[in-house]
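Residues per chain are reported as follows:
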Amino acid sequence: MKIVHNISEFSSNNQTFVTIGTFDGVHYGHQKIIEKLVKEAKKANKKSVLLTFFPHPRMVLQKDASIELINTINERAFLLEKTGLDYLIIHPFSRKFSRTTALEFVRDILVNQFNISKLIIGYDHHFGKNREGNITQLTEYSHLYGFTVEEIPAQDIDDVSVSSTKIRRALHAGNLKTANNYLGYYYMLNGTVVNGKKLGGKIGYPTANIDVKESYKLIPKTGVYVVKSTINKKEIFGMMNIGNRPTVNGNHQTIEVHFFDVNLNLYNQNLTIELIYFLRDEEKFDTLELLILQLKKDEQIARNYIKNNKLH
């Protein structure tokens, strides 16, 4: 898959099959659309193209600081890489671009730039200035410019009962199993390992403090999770706490991972943490000793889970 960072930088002599959307989560519902696109493009000997935008339109048009996305843009690209797409186009979304009319979008981008043969879109897709473009207009333009349009029926998407909203809701509730089932992969957090207060090391549970730079990335419910990461090409399991560390009077949220059976210097490294299982809610303990006892229990439960589910 080739990644292109601006519509203007894309050109193809070969005709293309295109889909458009945010595809946040690249979940089963999304995968169904992309699978269809890739399969049909190959069969017709055309190139498959997915057009997405960054920043998210709401971040630009509504200055929505509260927006939470399942994937960072890099995570989305990583997941889409696995789908067999020929091209991923990540176009910078701006106020100026938002004023592109439906006609301009179809004529100047899809037809002239993308050399489109077929457009495959999800149910009830809107596009162009003020979201004026819809399936009716697309069908009219397709006759005018000589390409075909296929809308994936609501029924087909509903069959898998998946939506990004449902996944976000599950993550906020600590219902990790549901979220992971919908996603078809383990929910992930990406970040740099930064210096912490080193309290974990003093109580026998040294941790890597993960700094997630992207403010729009959804951080799941506070609590303790079974996790894994790939470090130096090796899968390493551990447990992670998301929370404010109330036992030691913490005053801001941290993400701390204790890896099992390794002693690594991970400072300044970028890690991907995959969340496997939700162990428990965050608690405040009266003493450090009680916290250590609970951490030992957490570790035993986590190790048993990894062993019983043959994750190694």
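Residues numbered from 1 in each chain as written. Predicted model: local features only at pLDDT ≥ 70, side-chain atom pairs only at ≥ 80, totals over all residues. Heavy atoms only, no water.

Time to look at the pattern of salt bridges. Following the criterion strictly, the structure yields 14 salt bridges and no others. The partner of Arg-168 in a salt bridge is Asp-24, with the nearest N and O atoms 2.8 Å apart. Note that Arg-168 is positioned in helix H8 (residues 164-172) and Asp-24 in the loop between strand E2 (16-20) and helix H1 (28-43), a separation of 144 residues in sequence. Each member of the pair, Arg-168 as well as Asp-24, is classed as buried. Bridged by salt links that share partners, the residues Lys-36, Glu-40, Lys-118 and Glu-150 form one connected network. (Salt bridge = Lys/Arg side-chain N within 4 Å of Asp/Glu carboxyl O. Helix = DSSP H or I, 4+ residues; strand = E, 2+ residues; numbered from the N terminus. Buried < 20%, exposed > 50% of the residue type's maximum accessible area, 1.4 Å probe, protein only.)

Glancing now at unusual backbone geometry. At the junction of Phe-54 and Pro-55, the peptide bond is cis and its omega measures out at 5° in the coordinates. Within the secondary structure, Pro-55 is located in the loop between strand E3 (47-54) and helix H2 (57-61). With phi around 65°, Lys-233 is a residue other than glycine that occupies positive phi space. You can see Lys-233 is positioned in the loop between strand E9 (223-231) and strand E10 (234-243). The exposure class of Lys-233 is exposed, given its relative accessible area of 86%. Within the chain, Asp-261 stands out as a residue other than glycine whose phi angle is a positive 65°.

Here we take up the packing of aromatic side chains. Taken as a whole and assessed by the stated rule, the structure comprises eight aromatic pairs. Aromatic side chains Phe-53 and Phe-93 sit 6.0 Å apart centroid to centroid with 75° between the ring planes, which places their arrangement in the edge-to-face category. Here Phe-53 is found in strand E3, whereas its partner Phe-93 is found in the loop between strand E4 (87-92) and helix H4 (95-98), with 40 residues between them in sequence. Side by side, Phe-53 and Phe-93 carry an identical accessibility label, which is buried. An aromatic cluster is defined as three or more aromatic residues linked by ring pairs; in this entry it consists of Phe-10, Tyr-87 and Phe-114. Sitting above the plane of the Phe-260 ring, Arg-303 keeps its charged end 4.5 Å from the centroid. (Phe/Tyr/Trp six-rings, centres within 6.5 Å; stacked < 30°, edge-to-face > 60°. Lys NZ or Arg CZ within 6 Å of the ring centre and 35° of its normal.)

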